[in-house]
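Results of the structural survey
For reference, the chains in residue letters:
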Amino acid sequence: MSGDSELTVVLVYPELLGTYGDRGNALALVRRAQLRGLPVRITKVPLGRRLPAFGDVYLLGGGEDAAELLALRALVADPSARRVLAEAPACLAVCAGLQILAREFAAADGHREHGLGLLDVICARLPGPRAVGEVLVEPLGIPSLPMLTGYENHQGDAQILVGAEPLGRVMHGVGNGVGIGVGRLDGAVQGHIVGTYLHGPVLVRNPALADRLIEWSVGPVAPVHDEAVEQLRAERLAAVGGKRFALRRMTRA
Ligand code: GLN
């Protein structure tokens, strides 16, 4: 944690990277920290400001195509941004955020952009219509997580190369979109950087993932039960038939 012993959540360019309430990921981290009595604060980095190096969990949300390009240009122009994110205790990048951290991604007109290359992933465009709707993901890349629930709205896809692992297997929805029919995957995990196509916000719907990001920063935290979130999860899982998957996973664990 930073010198003053607060868990510091860094929201990167929230005015650009914040579709579908992704800023709520910061609030979820604050709540999970507060439930353990951990001091916590949010540092917002507006466009044009350099990323601070003192953060614990860095958050990049989703963005529309033009906003995504602006965010990429700004991160490339920040001489330390790539190193700060590479060395961060934890980083979560959602949708456009994932694409920005990838080796490359395809912009709206199809031209290829170099991403920051922190995830060994190449993003092109889904061949069909935009992927829009509920997503259910069985976790793979991070051990001992329960089912992940989220919402997606994107045109980009993601092909995972050797340096990264998928966050999980898509049971409902599109996610990375590559390999449809032969086991769809979502997201990418590389070290302490997690990319995903899940909005929701994903950390509100999946507090176990929020806890993992906190643990990468501060070490093990005690389990806590948040009834309102459990009800939300039950509702969202049921909406896509996920209760079945959730139970199956619990009995296997
Ligand atoms: N603009 C990107 C895409 O359509 C990212 C969208 C998003 O972040 N929701 O793939």
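Right, let's walk through the structure included here. (Residues numbered from 1 in each chain as written. Predicted model: local features only at pLDDT ≥ 70, side-chain atom pairs only at ≥ 80, totals over all residues. Heavy atoms only, no water.)

Description of the overall build of the protein chain
Stated precisely, the cut-off is as follows: The way it works is that DSSP assigns letters per residue, a run of H or I at least four long becomes a helix, a run of E at least two long becomes a strand, and they are numbered from the N terminus. Exposure categories follow from relative accessible area, calculated using a 1.4 Å probe and restricted to protein chains: below 20% of the type maximum is buried, above 50% is exposed, and the middle band is partly exposed. When checking whether two residues touch, look at their non-hydrogen atoms; a contact exists if any pair is within 4.5 Å. Areas reported as accessible are Shrake-Rupley estimates using a 1.4 Å probe. Residue values count occlusion only from the protein chains shown. A residue counts as positive if it is Lys or Arg and as negative if it is Asp or Glu; His and the chain ends are not included. A charge is said to be at NZ when it belongs to Lys, at CZ for Arg, at CG for Asp and at CD for Glu.
A tally of regular secondary structure across the protein chain gives eight helices and 14 strands. Counting over 253 residues, the protein chain shows a buried share of 56%. If you take every contact in the protein chain between residues at least 6 apart in sequence, the share linking residues at least 24 apart comes to 70%. Working note: accessible area of the protein chain is about 10,600 Å², and carbon and sulfur atoms make up 56% of it. Averaged over its 26 positive side-chain charges, the protein chain has a centre that lies 3 Å from the centre of its 26 negative ones.

A look at the pairing of strand β3 (residues 57-60)
Under the convention used in this document: Any two strands with at least two DSSP bridges between them are considered paired.
Neither face of β3 is open: one carries Val57 and Leu59, the other Tyr58 and Leu60, and all of them are buried. In the sheet, β3 pairs with strand β4 (residues 90-94) via four bridges, with the strands oriented parallel. Pairing of Tyr58 across the sheet is with Cys91, part of β4.

Quick word on the pairing of strand β9 (residues 148-154)
Counting buried residues in β9 gives six out of seven residues, a clear majority hidden from the surface. The pairing of strand β8 (residues 131-139) with β9 spans seven bridges and is classified as antiparallel. Bridging across to β9, Glu134 finds its partner in Tyr151.

Here's the deal with the nonpolar core
Our working definition: To form a nonpolar core, buried Ala, Val, Leu, Ile, Met, Phe, Trp, Tyr and Cys residues must be joined to one another through side-chain atoms within 4.5 Å.
Residues Leu101 and Leu203 are the most contacted members of the largest nonpolar core, which totals 71 residues. With six residues, the single largest contributor to this core is helix α2 (residues 65-77).

Digging into the environment of Gln159
Here Gln159 shows up in strand β10 (residues 159-160). Sequence-wise, Gln159 and Ile100 are 59 residues apart; in three dimensions their C-alpha atoms are separated by 14 Å. Discounting residues that sit within four places of it in the chain, Gln159 has contacts with Asp120, Val121, Ile122 and Val178.

Digging into the site of the ligand
Counted only if it meets this: Whether a residue is near a molecule or strand depends on its heavy atoms: it is near if one of them lies within 4 Å of it. Between N or O atoms, a polar contact is any pair within 3.5 Å; within protein, one atom must be a potential hydrogen donor and the other a potential acceptor, and residues adjacent in sequence are included only when both atoms are from side chains. The residue classification treats Ala, Val, Leu, Ile, Met, Phe, Trp, Tyr, Cys and Pro as nonpolar and Asp, Glu, Lys and Arg as charged. All others, Gly included, are polar.
Within the structure, the ligand sits among 16 residues, and Gly63, Asp65, Cys95, Asn153 and Gly156 are positioned closest to it. One of the backbone N or O atoms of Gln155 is found 3.0 Å from an oxygen atom in the ligand. Interatomic distance of 2.8 Å between a backbone N/O atom of Gly156 and an oxygen atom of the ligand. Coverage of the ligand by the protein amounts to 98% of the 300 Å² it exposes when considered alone. Split by residue class, the shell around the ligand holds three nonpolar, nine polar and four charged.

Focus: the pattern of salt bridges
Basically, it comes down to this: Between Lys or Arg on one side and Asp or Glu on the other, a salt bridge is scored when a side-chain nitrogen of the former is within 4 Å of a carboxyl oxygen of the latter.
As enumerated under the stated definition, the model contains 15 salt bridges in all. Among the salt bridges present, the one from Asp211 reaches Arg32, with a minimum N-O distance of 2.8 Å. Of this pair, Asp211 sits in helix α6 (residues 207-218) while Arg32 sits in helix α1 (residues 24-35), and the two are 179 residues apart along the sequence. Look at Asp211 and you get buried, because its relative accessible area is 10%. A salt bridge links Arg169 to Glu138; the shortest N-O distance between them is 3.0 Å.

Let's talk about the sheet that holds strand β14 (residues 193-196)
What counts here: Note on method: axes are straight lines fitted to C-alpha atoms, helices fitted across the in-contact stretch only, with angles between N-to-C directions ranging 0 to 180 degrees.
Taken together, six strands build an open sheet; the order of strands is β2-β1-β3-β4-β14-β13 and the sheet is mixed. Two strands in the sheet have a free side with no partner beyond their single neighbour: β2 (40-45) and β13 (188-190). Across this sheet, the average inter-strand angle for adjacent strands is 15 degrees, counted without regard to direction. One ladder, built from three bridges, connects strand β1 (residues 7-12) with β3; its direction is parallel. Counterpart to Val9 in the pairing with β3 is Val57. Taken strand by strand, α1 contacts β1, β2, β3 and β4, and its axis lies near 165 degrees from that of β2. Contacts between α6 and the sheet are confined to β1, β3, β4 and β14, with β4 contributing the most and set at about 150 degrees to the helix.

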